[in-house]
Amino acid sequence: MPKVTSSKSAERKSKKARIENPTFGRQKPTPSLDITPPTPKSAKGKEKAKPAPQIPEISSSNLPTTFKVVAGSYEKLLYGLEGTVTCEGSDYQFHLNPIFIFPAHVSCIKAVAASPNGGKWLATGSADEIVKVWDLRRRKEIGGLMHHEGSITQLQFPSRSHLLSASEDGTLCLFRARDWAVLRSLKGHKDRINSVAVHPSGKVALSVGKDKTLRMWDLMRGKGSASTKLGKEGEVVRWSIKGSSFVVQSQSSIDVFSTDMVLRHTITHPSRIHNIRFCNRAHAAGEIMLVAAEDKKVSIYDIPEDHDTLPTIIAELVGHTNRVKAVEMLQIALPPSKNQTSESIKSSTTIACTVSSDGKIHIYDLAMLPAVNGDKVELLPVVEYDTKGTRLTCVTIAEGESTDTPANGKRKRGEDEDESEVEGEEEWVPHVEAEEEEEEEESEDDA
């Protein structure tokens, strides 16, 4: 692994993106953002219009059959696990096998994100102010993005070709995955940014921070479009799956807003919240909201179709012995079962992955949720991985092999045509047990 430093030299304070690998960053920042194609009614006249982006219809034919779990920790360690599913009789068995463990940063890891539609890229952010980019398929380090001058608080891939980062320096940065150039640096917050969420359309984003404001960003034009005072520090902001509403979390409360900024509900959770995610039900209609909290579990709220109805807890993911720091979901394809009739075979399911300060990574099968709401149920993990006491902070799930991957394992030509190969990449050390390090002095509550 190359040695990384967080020097704040005059060169670092420049407004251009700089990357450790000298083969990156040769192109100048693009003056406009291009996360989504223009609509057919383009103002460019003669220029051929591209179709508007649509959310792809999910079917078992293009779902991944395997997945990768990547988790970061206070101890600077990055854990990579390969997830698989087998079928024994009529029962599905989930498996987690470690594929790499190593210190990825010189300070605690605060954010991880994997690119969608194939999971090629992995981004990790740390208190060392560096965003590192990795090639998950080849297990190689690509380089370090050093545009921020504060700890990285969140990372998100709005698309497979763009990366959005948030930092304690009060800025958001949008990077292009082809050459990792900075397309735009978005400024407006007066203090650290705690969370950012991109709308499912990819056109706008929301952010909250210590300055107690909620800001909306026009990603098509690369500038702020609106802001409002919350009166409290927003810690997490999330769009619903359909993008018809969003939530802002602070301490143990969740405010539910409509897109026109009308406050619909305020949910008071039983304990302090650390993370929130939305997803569709595995085998039923409707959305659910997963809330990871200090009470050592993840509460699942049903999101009613009637927006005037208050969301309620219908289930809990249990099994951790300490606070749950993060939760992520992924829909995967299931292997066929020989002992089931074709009418009863479940071709897919949705898994939830949680990480906790107890050092354990849990996988839950959300297909076990009842289709009809009734008494609150508790779900136990279907598989667990123990890091032996590492204080885990963040997690992401990357797609593995899909059901339409060719038998020879080779991807179709042009599938990654927007993602160039880079010479001089550093290869990861596969599954190396790291030496025990002294416990960091900073408190978990402050991170």
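Our structure is the block above this text.
One structure accompanies this document, and this report is about it. Per chain, residues are indexed from 1 in the order of the written sequence. A pLDDT threshold of at least 70 governs which residues receive local features in this predicted model, and a stricter bar of 80 or more applies before side-chain atom pairs are shown or counted, although totals over entire chains, interfaces and linings include all residues. To get the side-chain values, all heavy atoms of the structure are used, and hydrogens and water are removed first.

## A look at the overall build of the protein
Point 1. Strands here are runs of E lasting at least two residues and helices are runs of H or I lasting at least four, both read from the DSSP assignment and numbered beginning at the N terminus. Tallying secondary structure elements over the protein gives zero helices and 30 strands in all.
Point 2. For the protein, the share of sequence-separated contacts (at least 6 apart) that also reach a separation of at least 24 residues comes to 55%.
Point 3. Accessible surface is estimated by sampling points in the Shrake-Rupley manner with a 1.4 Å probe; for residues, cover comes only from the protein chains shown. On the protein, roughly 21,000 Å² of surface is accessible, and the fraction owed to carbon and sulfur atoms is 47%. For this analysis, residues touch if any pair of their heavy atoms sits within 4.5 Å.

## Some words on the sheet that holds strand β18 (residues 253-258)
Point 1. Pairing between strands requires that DSSP locate at least two bridges from one strand to the other. If you trace the four strands from one edge of the open sheet to the other, you get β16-β17-β18-β19, paired in antiparallel fashion. A single partner strand is all that each edge strand has here, and the edge strands are β16 (236-239) and β19 (263-268). Strand-to-strand twist across the sheet, computed as the mean angle between neighbouring axes with direction ignored, equals 20 degrees.
Point 2. Here β16 runs beside strand β17 (residues 245-250); their pairing, made up of four bridges, is antiparallel. Axis geometry follows a simple rule: fit a line to the C-alpha atoms, using only the stretch in contact for helices, then measure angles between N-to-C directions, giving values from 0 to 180 degrees.

## With respect to the nonpolar core
Point 1. Ranked by internal contacts, the top residues of the largest apolar core, which has 25 residues, are Phe-67, Val-69, Leu-96, Ile-361 and Ile-363.
Point 2. Taken together, the elements giving at least two residues each to this core come down to β1 (67-73), β2 (77-88), β3 (91-103), β24 (324-333), β25 (348-356), β26 (360-365), β28 (383-386) and β29 (392-399).
Point 3. In contact with Ile-363, other than residues within four places in its own chain, are Phe-67, Val-69, Leu-96, Ile-351, Ala-352, Cys-353, Pro-381, Val-382 and Val-383. The term nonpolar core refers to a set of buried residues drawn from Ala, Val, Leu, Ile, Met, Phe, Trp, Tyr and Cys, joined through side-chain atoms within 4.5 Å. Any residue under 20% of the maximum accessible area for its type is buried, any over 50% is exposed, and the rest in between are partly exposed; the area is computed with a 1.4 Å probe on protein chains only.

## Considerations on the environment of Gly-83
Point 1. For Gly-83, the location among the structural elements is in strand β2.
Point 2. The exposure class of Gly-83 is buried, given its relative accessible area of 0%.
Point 3. Separated by 13 residues in sequence, Gly-83 and Leu-96 place their C-alpha atoms 4.7 Å apart.
Point 4. Leave out the neighbours within four places in its chain, and Gly-83 touches Thr-66, Phe-67, His-95 and Leu-96.

## Structural notes on the environment of Ala-398
Point 1. Among the secondary structure elements, Ala-398 is positioned in strand β29.
Point 2. C-alpha separation for the pair Ala-398 and Phe-67, spaced 331 residues apart in sequence, amounts to 5.7 Å.
Point 3. Not counting the four nearest positions on each side in its chain, Ala-398 is found in contact with Phe-67, Lys-68, Ala-114, Gly-119, Leu-136 and Leu-330.

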